[in-house]
Amino acid sequence: MVPPPRFDAVRFETYVPDPAQPSQAQAVTRLCAFAASAGAAEPAARRKWFRRETATVAGPGGVYLDGGYGVGKTHLLASLWHAAPAPREQKAFGTFVELTNLVGALGFQRAVTELSGHRLLCIDEFELDDPGDTVLVSTLLGKLADAGVRLAATSNTLPGRLGEGRFAAADFLREIQGLSARFATLRIDGEDYRHRGLPQAPRPYTDDEITAAADRTPGAALDDFGALTAHLAAVHPSRYGALCDGVGAVFLRGVEQVTDQATALRLVVLADRLYDRELPVMASGVPFDRLFSDEMLAGGYRKKYFRAVSRLTALARDAGRLAGRH
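Residues numbered from 1 in each chain as written. Predicted model: local features only at pLDDT ≥ 70, side-chain atom pairs only at ≥ 80, totals over all residues. Heavy atoms only, no water.

1. Let's talk about the overall build of the protein
Put simply, the rule reads: In this description a helix means any DSSP run of H or I spanning at least four residues, a strand means any run of E spanning at least two, and both kinds are numbered starting from the N terminus. Relative accessibility thresholds used throughout: buried, under 20% of the residue-type maximum; exposed, over 50%; partly exposed, between the two (1.4 Å probe, protein chains only).
Each helix and strand counted, the protein has 14 helices and 8 strands in total. Across the 326 residues that make up the protein, the buried fraction comes to 51%.

Structure (structure tokens):
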């Protein structure tokens, strides 16, 4: 549970705040202080010895980064993990889905035991559209907070909410209920850095261009879109990262708009894993900003779909160099 390859080298010093958005620079300052506190002492669970009372931590033991797409929340969360002066084995970083997968693999009590010895737990993309998982993780975080583990989280934006295209911090705090007092909220304003001054999605290539580019690219993975979605249905999403091992670039022929929700959610997970590994994606067919139907983008999982579109669009731009398009 460490930051993914894309964020392995990021630090607070490499985050470039937008001068027009002072909240970005303010967030860096406050997170630097929080990082220092996360490694200041041994976790409370290690200090209690035979005492039974619950340890207390002065001030909020958690921080929540509240902001829209592409303002650098994951960059800052990973920078926090890197900056905390604690051994790597006492810091954990993962997405909300990875955390629920961990609890499923270990069992709740063992997950509590394993994570209670940590000084810092960073949770990226906290998801609130599954009530069961939200309650599970909220309960887990309560146990860890009682053990003195410092917590940090981001959540996805929710387009259309309050006309801001972002997920309100009040919704996060309400969903985690009893934990809300443990979190200090840092608002990070700004526009999606992946889209600043750039088109929403690059023009798709032809099938022949895709095949030719794949033939001359080391480590290329070439698939027809329909075959790929069928294969994803036969693989557990927790293994999608392993599918990317040894791959240098992804080439897709015949991308079609997705109307099936199960298929769409699998593509969201795959997009996250591709983005984590910075794998360029060159595709023919439907452009990525039309991958999901308007109905799906207005539905309950819309924040996942908007994130996937944002990330796939960025990877499609990266693929321009593979075909000489810039």
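2. Structural notes on the environment of Met-1
Tracing the sequence through the fold places Met-1 in the segment before helix H1 (22-38). Among the residues examined, Met-1 registers a relative accessible area of 39% and is labelled partly exposed. Note: C-alpha distance between Met-1 and Leu-99 (98 residues apart in sequence) is 9.1 Å.

3. Notes on the nonpolar core
In summary, soluble globular proteins display a tendency toward joint burial of nonpolar side chains. Note the threshold: Side-chain atoms within 4.5 Å link the members of a nonpolar core, which is a set of buried Ala, Val, Leu, Ile, Met, Phe, Trp, Tyr and Cys residues.
Membership of the largest hydrophobic core comes to 58 residues, with the highest contact counts inside it found for Leu-76, Leu-80 and Phe-292. Within the second largest apolar cluster, 20 residues are counted, among which are Val-112, Leu-115, Ile-123 and Leu-144.

4. Section: helix H8 (residues 207-215)
An α-helix turns once every 3.6 residues. As a result, residues three or four positions apart point the same way. Just so we agree on the cut-off: In this context, the arc is that of the directions from the helix axis out to the C-beta atoms.
All of the buried residues in H8 are Ile-210, Ala-213 and Ala-214. Along H8, the residues classed as buried sweep out an arc of 100 degrees about the axis, all on the same side. Looking at H8, the residues exposed on the side facing more than 90 degrees away from the buried face are Asp-208 and Asp-215.

5. Considerations on the sheet that holds strand E5 (residues 183-188)
The condition is simple: Note on pairing: two strands pair once DSSP finds at least 2 bridges between them. Under this scheme, a helix contributes an axis fitted over its contacting stretch, all axes are lines through C-alpha atoms, and angles between N-to-C directions fall in the 0 to 180 degree range. We call two residues in contact when some of their heavy atoms are within 4.5 Å.
Across the sheet, which stays open at both edges, the 5 strands sit in the order E2-E3-E4-E1-E5 with parallel pairing between neighbours. The strands lining the two open edges of the sheet, one partner per strand, are strand E2 (91-95) and E5. On average, each strand axis in the sheet is tilted by 15 degrees relative to the strand beside it, whichever way the strands run. Sheet analysis places strand E1 (residues 62-67) next to strand E4 (residues 150-155), joined by 4 bridges and oriented parallel. Across the sheet, residue Val-63 finds its bridge partner in E4, namely Ala-152. Its contacts with the sheet put helix H3 (residues 73-83) on E1, E2, strand E3 (120-126), E4 and E5, and the angle it makes with E3 is roughly 170 degrees.

6. Brief notes about the packing of aromatic side chains
As a reminder of what qualifies: Note on ring pairs: Phe, Tyr and Trp rings are taken, using the six-membered ring of Trp, and paired if centres are within 6.5 Å. Classes follow the plane angle, with under 30 degrees stacked, over 60 edge-to-face and the rest tilted. A ring is considered to have a charge above it if a Lys NZ or an Arg CZ atom is located within 6 Å of its centre and within 35 degrees of its normal.
Counted by the stated rule, this structure contains 1 aromatic pair. For the pair Phe-292 and Tyr-305, a centre-to-centre distance of 4.6 Å together with 25 degrees between the ring planes defines the contact as stacked. Of the two residues, Phe-292 is situated in the loop between strand E8 (281-285) and helix H12 (294-297) and Tyr-305 in helix H13 (residues 302-318); the sequence distance between them amounts to 13 residues. The side chain of Arg-6 reaches across the aromatic face of Tyr-275, ending 3.8 Å from its centre. Lying across the ring of Trp-81, Lys-91 places its NZ or CZ 4.4 Å from the centre.

7. Quick word on H13
Rules: The span expected for a helix works out to 1.5 Å for each residue beyond the first.
With 17 residues, H13 should reach 24 Å at 1.5 Å per residue; the first-to-last C-alpha distance of 24 Å fits that figure. Of all 17 residues that make up H13, 13 are buried, and the element is covered over most of its length.

8. Structural notes on the packing of helix H11 (residues 261-276) against H13
Counted only if it meets this: To sort the angles, those under 35 degrees are grouped as roughly parallel, those over 145 as roughly antiparallel, those from 65 to 115 as roughly perpendicular, and the leftovers as oblique. With the far helix as reference, a near helix turned anticlockwise by less than a right angle produces a left-handed crossing, and one turned clockwise produces a right-handed crossing. Ten residue types, Ala, Val, Leu, Ile, Met, Phe, Trp, Tyr, Cys and Pro, are classed as nonpolar, four, Asp, Glu, Lys and Arg, as charged, and the remainder, Gly among them, as polar.
Interhelical geometry of H11 versus H13 gives an angle of 45 degrees and a closest axis separation of 9 Å. Looking at the two axes, H11 sits oblique to H13. For H11 against H13, the interelement crossing comes out left-handed. Here Gln-261, Ala-264, Leu-265, Val-268, Ala-271, Asp-272, Leu-274, Tyr-275 and Asp-276 of H11 come into contact with H13, specifically with Lys-304, Tyr-305, Arg-307, Ala-308, Arg-311, Leu-312, Ala-314 and Leu-315. Across the contact of H11 with H13, the residue classes tally to 11 nonpolar, 1 polar and 5 charged.

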